[in-house]
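# Coordinate inspection notes
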Amino acid sequence: MPFDLLGVPGDADEPTIKRAYARRLKLTRPDDDPEGFQRLHEAYRQALQHCRQRAMAAAWDDGEDDADDGESVAADVGGAHIHQAGHGTDPVETGVPGAADADTAHTVLLDAGQLEALIAGRMPHLPSAAVAAASAVPDAENRRFDFDGFFVETMERARDTPPAAFSTWLAARDDLYHLELKQSVGEALFQRLGYDGIAMPPASLSVLETFFGQQDYWLAQRMAVRWAIEQEQTSRYDEPRPLAVRQLKRPFRWPQALAIACVPGLSTRIARLSQRLGDDYGDLPDGIDPGQDRFFRQLARKDYLGVWRWLPILARSLAAGLLGYLLPVVVSAQPQANPSWALILGGATLALQIGWQLMLWLHAMTLGDTHGDRQTLRSLIPVGLALAGLLLAAVLPQAWPAYLLAVPAALLHWRRTFDALRFLLGGIAMQGVLPAGLSSALDPGVLGFAMVPIGLALFDGLYARRHAIPLPAAAGNRWTTVASYAFFLGWIVMRVF
């Protein structure tokens, strides 16, 4: 039974059926379950037909009580003859008096309400042909509404005309004066707009919603995304330039995508735009290439260290080396290029990029996306780097290898800048209170940088243990802040005395 599929009783009225269909439609989408959607739509159509037939039969029974014999009713109202053929006929034919020629005869088809009013004698005359064409079902030759033609013309006008002119055109459509027809056309129109990938200006969609009495926030979001992609106007998604959406629309080719990824910051902007468009659309929007979406979203992940991460870094370093090779010739007008400048610029660019990328990776690893013990271990990565730095400073005669570990470990806490800075200064002051052998072996700078992650983890851990919460959740607590001030005061005391 169609009513069972919709989840409504068999005597449900038309608004109840339509609300049930709208609820089920959100769970059964044609792109995910086409067969289920087809069954749901067929059940909706059959339920509406059954409901309308039941209403027509009830109106017919009311009119039969006032008729003479229940088989035929003839009236001469306003010079027209009305004949009711029987219980099973839908139309009521009205012949023009004296018109024996079939070509001059006119047929007016009345709906259930008009039929009931005529039988009860509440209508003094039949509507004229013009009024009947506007208020009743169209005549027998034009009974079928040309929905496809209306849809095509509506889409053309929605895209090419201003909203005011589009609204005026809709209001002038006489064939949509019939309320049931208008409602049916509106439902079919919005259903097709939702799943056919059609794009139109959001203002034109608002005109259609007002005219047909349909409000669909989900469709409005999807339509705004489609229009932004087609017109390459993405300022409402915090991307004012069309380069990002233009790249997302292109078929994926790795040389071009790699060249775009070499531009600093551009791959992050493209990934952010793709994310926001997908969030509003509900899935991958129409017009966005899946390969481009995967490529740039992968590059936007800070914990990604695959081949596509290192190829742009290598390409930028080679470009910087080439610039250093040609710069003396262009700027100083030297007769011969200097390879040493190429090595300096290229090597410095490569080292900075690798160091920055490792910093981002370490920061992403300390945050992570797991819970429990694994998340606690990830948050202790900076502590391990700091201890390794202290060990290198105590063993090696040179301090710079220890700085390579201690400085990144401290910078991973850049979000807690002031607490970290106070621990840094206090760590430098700690060298004066250490035993003589250990104090001479450790560099004060290495000790200060190492004290940042160690101090933060120590007092965060005490607070987390006291309040029975995970270590990452203890970040920014009062205990650690008070301890950092104590270290800072210790640094001041050591500097003064």
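The sections below set out a description of the structure shown in this document. Not measured: the values here are computed from a predicted model.

Rules and cut-offs
- Residues numbered from 1 in each chain as written.
- Predicted model: local features only at pLDDT ≥ 70, side-chain atom pairs only at ≥ 80, totals over all residues.
- Heavy atoms only, no water.
- 1 Å grid on protein atoms, 1.4 Å probe; cavity = no way out; pocket = protein on both sides within 12 Å on 5 of 7 lines; lining within 4 Å.
- Points joined across faces, edges and corners; volume = space filled by probe spheres on them.
- Helix = DSSP H or I, 4+ residues; strand = E, 2+ residues; numbered from the N terminus.
- Nonpolar A, V, L, I, M, F, W, Y, C, P; charged D, E, K, R; others polar.
- Phe/Tyr/Trp six-rings, centres within 6.5 Å; stacked < 30°, edge-to-face > 60°.
- Buried < 20%, exposed > 50% of the residue type's maximum accessible area, 1.4 Å probe, protein only.
- Lys NZ or Arg CZ within 6 Å of the ring centre and 35° of its normal.
- Axes fitted to C-alpha atoms, helices over the stretch in contact; angles between N-to-C directions.
- Parallel < 35°, antiparallel > 145°, perpendicular 65-115°, else oblique.
- Contact = heavy atoms within 4.5 Å.

### Re the layout of surface pockets
- Approximately 470 Å³ is the volume found for the second largest pocket.
- Around the second largest pocket, the lining comprises 19 residues; the ones closest to its centre are S267, T268, R309, Q357 and L360.
- Looking at the lining of the second largest pocket, the elements with two or more residues in it are α13 (266-281), α14 (290-300), α15 (307-331) and α16 (339-367).
- Here the lining of the second largest pocket gets 5 residues from one element, more than from any other, and that element is α15.
- Residues belonging to the lining of the second largest pocket are distributed by class as follows: 10 nonpolar, 5 polar and 4 charged.

### Quick look at the packing of aromatic side chains
- Scanning all chains against the criterion turns up 16 aromatic pairs.
- Note on F190 and F212: the rings are 6.5 Å apart at their centroids and 80° apart in plane angle, and the pair reads as edge-to-face. Highlighted residues: F190 in helix α8 (residues 179-195) and F212 in helix α9 (residues 202-212), separated in sequence by 22 residues. F212 carries the same exposure label as F190, and that label is buried.
- Between F423 and F459, the ring centres sit 6.1 Å apart and the planes meet at 25°, which makes this aromatic pair stacked. Here the residue F423 occupies a position in helix α20 (residues 417-429), and F459 occupies one in helix α22 (residues 444-467), the gap between them amounting to 36 residues.
- Following the ring pairs from residue to residue traces out a cluster consisting of F252, W254, F295, F296 and W308.
- Stacked on the ring of F151, the Lys or Arg R192 has its end atom at 4.0 Å from the ring centre.
- Stacked on the ring of Y485, the Lys or Arg R422 has its end atom at 3.9 Å from the ring centre.

### Observations regarding the packing of helix α6 (residues 147-160) against helix α7 (residues 163-171)
- Where α6 contacts α7, the axes come no closer than 9 Å and their chain directions differ by 155°. With respect to their mutual orientation, α6 and α7 come out roughly antiparallel. Between α6, through F150, E153, T154, R157 and A158, and α7, the contact on the second element is made entirely by F166, W169 and L170.
- When grouped by side-chain class, the residues that make up the contact of α6 with α7 number 5 nonpolar, 1 polar and 2 charged.

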